[in-house]
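Single-letter residue listing:
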Amino acid sequence: MANKTATKTKAEYSKELCLHWYEEMLLQRKFEEKCKQLYGQQKINGFLHLYIGQEAISSGIESAIRKDDYVITAYRDHGNAIVRGIHPNEVMAELFGKNTGCSRGKGGSMHMFSKEHNFLGGHGIVGGQIPLGAGVGFAIKYRGEDNVCVAMMGDGAVRQGALHEAFNLAMTWKLPVLFVCENNMYAMGTSVERTSNVTDIYKLGSAYEMPSKAVDGMNIMTVYEETKAAVEHIRSGKGPVFLEMKTYRYQGHSISDPGKYRTKDEVDEFKEKDPILILKSYIMENGFADDAAFDAIDERVKTAVQASVDFAEASPYPAPHELYEDVYVENDYPFIKD
Ligand SMILES: Cc1ncc(C[n+]2csc(CCOP(=O)(O)OP(=O)(O)O)c2C)c(N)n1
Ligand SMILES: [Mg+2]
């Protein structure tokens, strides 16, 4: 089906890496399919924005950076939380509003955080994470560290003025930030064409002479290669890079979106380019897995998803006094003395 793109890629990938990617993408997909079901049962409440269709981006980026690098994103954040290494149990518990969640049940779907995993959220203000990502880049440079910060955003977020301020300072100060736009073609129900004359989003970087490029975000190998090259550039001290990753979300903007602004044919067309299927055909072509091996992966993923639901169900809600905890950081500022 969609295997042409896969065989075209220039590098060879090991069996281990391909199977790791496959299982990780499938985990994100099945985890979120379960979330959708649980929302219908009112186990999950509030906002719920699903990442289904975009998994090649989270997984491809994650394997091209180091665990001590930083990632910051918007509210469509379950996939990034999982690939950063936050246990699916903690992500599901957060969605349930339970105190074993990664934000202790007080963040919910849009606000997954983990200091331990250098995952800096989960942000509901469209574009808010772009200058925050630049700030993280500034902190890295100020401390003389060699990390990078990946600041992810949607195609709607790039129309915010904050992007331009962040791009300007990031280039002026050569901050170690990889800006990634996940262009899934829509901001809520508004298509990219309706929001700007400039529909090639990567071109926005050129105003600041920031190295910028469009990338096929449905192919994990391309995402991986381009991220690796960008991160090498950034880590060598040459400053930020901007990648526009072209992708598609199969589900509505949020769980309550009837999706009247696009046709079923359009959605089906993109499902033909499904990132999991592209990788699956590459795996099959190379004889990396047979039916039994795929079944075993399916089973492991199913078990992990069910375990996360059981964990979330069994966990308690935050106690009333926890309302006042984790609001301010205490004794963590080296520059503030009593
Ligand atoms: C500053 C601000 N304005 C408006 C909104 C309402 N809003 C929530 S999501 C969204 C669309 C953003 O689309 P995009 O950046 O493409 O991300 P996607 O949902 O496609 O991942 C809007 C306008 C908001 N949360 N914050
Ligand atoms: Mg979008």
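Residues numbered from 1 in each chain as written. Chains lettered and ligands numbered in written order. Predicted model: local features only at pLDDT ≥ 70, side-chain atom pairs only at ≥ 80, totals over all residues. Heavy atoms only, no water.

(A) Structural detail: the coordination of the magnesium ion (ligand 2). At 2.1 to 2.2 Å from the magnesium ion (ligand 2) lie its protein donor atoms, namely D155 (OD), N184 (OD1) and Y186 (O). Counting the intervening residues between successive donors of the magnesium ion (ligand 2) yields the motif D-x28-N-x1-Y. Linking D155 in the loop between β2 (149-154) and α7 (161-172) with N184 in the loop between β3 (177-183) and β4 (186-187), this pair joins segments that are 29 residues apart in sequence. (Donors = N, O, S within 2.8 Å, 3.2 Å for Na, K, Ca; no water. Helix = DSSP H or I, 4+ residues; strand = E, 2+ residues; numbered from the N terminus.)

(B) Representation of the site of ligand 1 within the structure. Among the 15 residues in the neighbourhood of ligand 1, the closest are listed as Y75, R76, G124, G156 and N184. Note that a nitrogen atom of ligand 1 is positioned 3.1 Å from one of the backbone N or O atoms of V126. Here an oxygen atom of ligand 1 sits 3.2 Å away from a polar atom, N or O, in the side chain of D155. Expressed as a share of its isolated accessible area of 590 Å², the protein-covered part of ligand 1 is 71%. For the shell around ligand 1, the residue count by class is seven nonpolar, six polar and two charged. (Near = heavy atom within 4 Å. Polar contact = N/O pair within 3.5 Å; in protein donor to acceptor, adjacent residues only side chain to side chain. Areas by Shrake-Rupley, 256 points an atom, 1.4 Å probe, with all protein chains shown as cover. Nonpolar A, V, L, I, M, F, W, Y, C, P; charged D, E, K, R; others polar.)

(C) Layout of the nonpolar core. In terms of nonpolar packing, the biggest core is built from 68 residues, with I61, M92, L95, L178, L279 and I283 touching the most fellow members. Sort the elements by how many residues they give to this core and helix α2 (residues 15-40) lands first, with ten residues. In contact with L178, not counting residues within four places along its chain, are C149, V150, A151, T227, A230, V231, I234, V241 and L243. By size, the runner-up hydrophobic cluster in this structure holds 25 residues, among which are V136, V158, C181 and F242. (Core = buried A, V, L, I, M, F, W, Y, C linked by side-chain atoms within 4.5 Å. Buried < 20%, exposed > 50% of the residue type's maximum accessible area, 1.4 Å probe, protein only. Contact = heavy atoms within 4.5 Å.)

(D) Broad picture of the sheet that holds strand β1 (residues 70-72). Read from one edge of the open sheet, five strands run β1-β2-β3-β7-β6, paired in parallel fashion. Each having just a single partner strand, β1 and β6 (212-216) make up the two edges of the open sheet. Going across the sheet, the axis of each strand differs from the next one's by a mean of 20 degrees, ignoring polarity. Strand contacts of helix α6 (residues 129-142): β1, β2 and β3, with the helix running at about 175 degrees to β2, the strand carrying the most contacts. Sheet strands in contact with helix α9 (residues 220-238) are β3, β6 and β7 (241-246), and its direction is about 170 degrees off that of β7. (Pairing = 2+ DSSP bridges. Axes fitted to C-alpha atoms, helices over the stretch in contact; angles between N-to-C directions.)

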